Amino acid sequence: MSTFDRVKKIVVDQLGVNEADVTIDSTFIDALGADSLDIFQIIMGIEEEFDIEIPNEAAEQIVTVGDAIEQIKNALN
């Protein structure tokens, strides 16, 4: 399962959105209807899924699904 697919599953589970609505360019707030608590819970889910820690400063920069994947890559390297 790709990083994108793993992140998409977390987003779908957390927000209850359709899988087809989650793309690399989807913004959590505008496109997917997330609020700040949803985003926090998505980030927590990502940290758990990938066994990483995303610093608060980096988490604040996550606007799109692609941004989240970029933070995962940074944390794993």
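As a reminder, the structure under discussion sits directly above these lines.
Peer 1: Can you help me understand the overall build of the protein in this one?
Peer 2: Secondary structure assignment for the protein yields four helices and zero strands. Beginning at the N terminus, the succession of helices and strands in the protein can be written as α-α-α-α. Principal axes of the C-alpha set define a box for the protein whose edges measure 30 × 25 × 20 Å. At a minimum sequence separation of 6, the contacts of the protein that also span at least 24 residues come to 51%. Accessible surface, the protein: about 4800 Å² in total, of which carbon and sulfur atoms supply 46%. Charge centroids of the protein, computed over 4 positive and 17 negative side chains, lie 10 Å from each other.

Peer 1: Help me out: how do you make sense of the layout of surface pockets in this one?
Peer 2: The method is simple in principle: a probe with the dimensions of a water molecule rolls over the atoms, and the space it marks as empty is what remains. Taken as a whole, the largest pocket encloses approximately 180 Å³ of empty space. Looking at the lining of the largest pocket, the elements with two or more residues in it are α2 (36-50) and α3 (56-59). Of the residues forming the lining of the largest pocket, the biggest block, six residues, is contributed by α2.

Peer 1: How should the environment of phenylalanine 4 be read in this particular structure?
Peer 2: Here phenylalanine 4 is to be found in helix α1 (residues 3-15). Placed 62 residues apart in sequence, phenylalanine 4 and glycine 66 show a C-alpha to C-alpha distance of 8.2 Å. Once residues lying within four places of it in the same chain are set aside, the contact partners of phenylalanine 4 are Val22, Thr23, Ile24, Val65 and Ile69.

Peer 1: How should helix α4 (residues 65-76) be read in this particular structure?
Peer 2: Owing to its 3.6 residues per turn, the α-helix aligns residues three or four sequence positions apart on the same side. Compared with the 16 Å implied by 1.5 Å per residue over twelve residues, the 17 Å span of α4 between its first and last C-alpha is a close match. Among the residues of α4, those classed as buried are Val65, Gly66, Ala68, Ile69, Gln71 and Ile72. Those residues of α4 that are buried are in contact with α1, α2 and α3.

Peer 1: Is there a simple way to explain the packing of α1 against α2 in this structure?
Peer 2: Axes are the key here: two packed helices are described by the angle between their axes and the distance separating the axes. Where α1 contacts α2, the axes come no closer than 10 Å and their chain directions differ by 140°. With respect to their mutual orientation, α1 and α2 come out oblique. Considering the relative orientation of α1 and α2, their crossing is right-handed. Packed against α1, whose contacting residues are Thr3, Arg6, Val7, Ile10, Val11, Gln14 and Leu15, the element α2 presents Asp38, Gln41, Ile42, Gly45, Ile46, Glu49 and Phe50 at the interface. Class assignment of the residues belonging to the contact of α1 with α2 gives a composition of seven nonpolar, four polar and three charged.

Thresholds, definitions, all that
- Residues numbered from 1 in each chain as written.
- Predicted model: local features only at pLDDT ≥ 70, side-chain atom pairs only at ≥ 80, totals over all residues.
- Heavy atoms only, no water.
- Helix = DSSP H or I, 4+ residues; strand = E, 2+ residues; numbered from the N terminus.
- Contact = heavy atoms within 4.5 Å.
- Areas by Shrake-Rupley, 256 points an atom, 1.4 Å probe, with all protein chains shown as cover.
- Lys, Arg positive; Asp, Glu negative; His and termini not counted.
- Charge placed at Lys NZ, Arg CZ, Asp CG, Glu CD.
- 1 Å grid on protein atoms, 1.4 Å probe; cavity = no way out; pocket = protein on both sides within 12 Å on 5 of 7 lines; lining within 4 Å.
- Points joined across faces, edges and corners; volume = space filled by probe spheres on them.
- Expected span 1.5 Å × (residues − 1).
- Buried < 20%, exposed > 50% of the residue type's maximum accessible area, 1.4 Å probe, protein only.
- Axes fitted to C-alpha atoms, helices over the stretch in contact; angles between N-to-C directions.
- Parallel < 35°, antiparallel > 145°, perpendicular 65-115°, else oblique.
- Left-handed = near helix turned anticlockwise from the far one by under 90°.
- Nonpolar A, V, L, I, M, F, W, Y, C, P; charged D, E, K, R; others polar.

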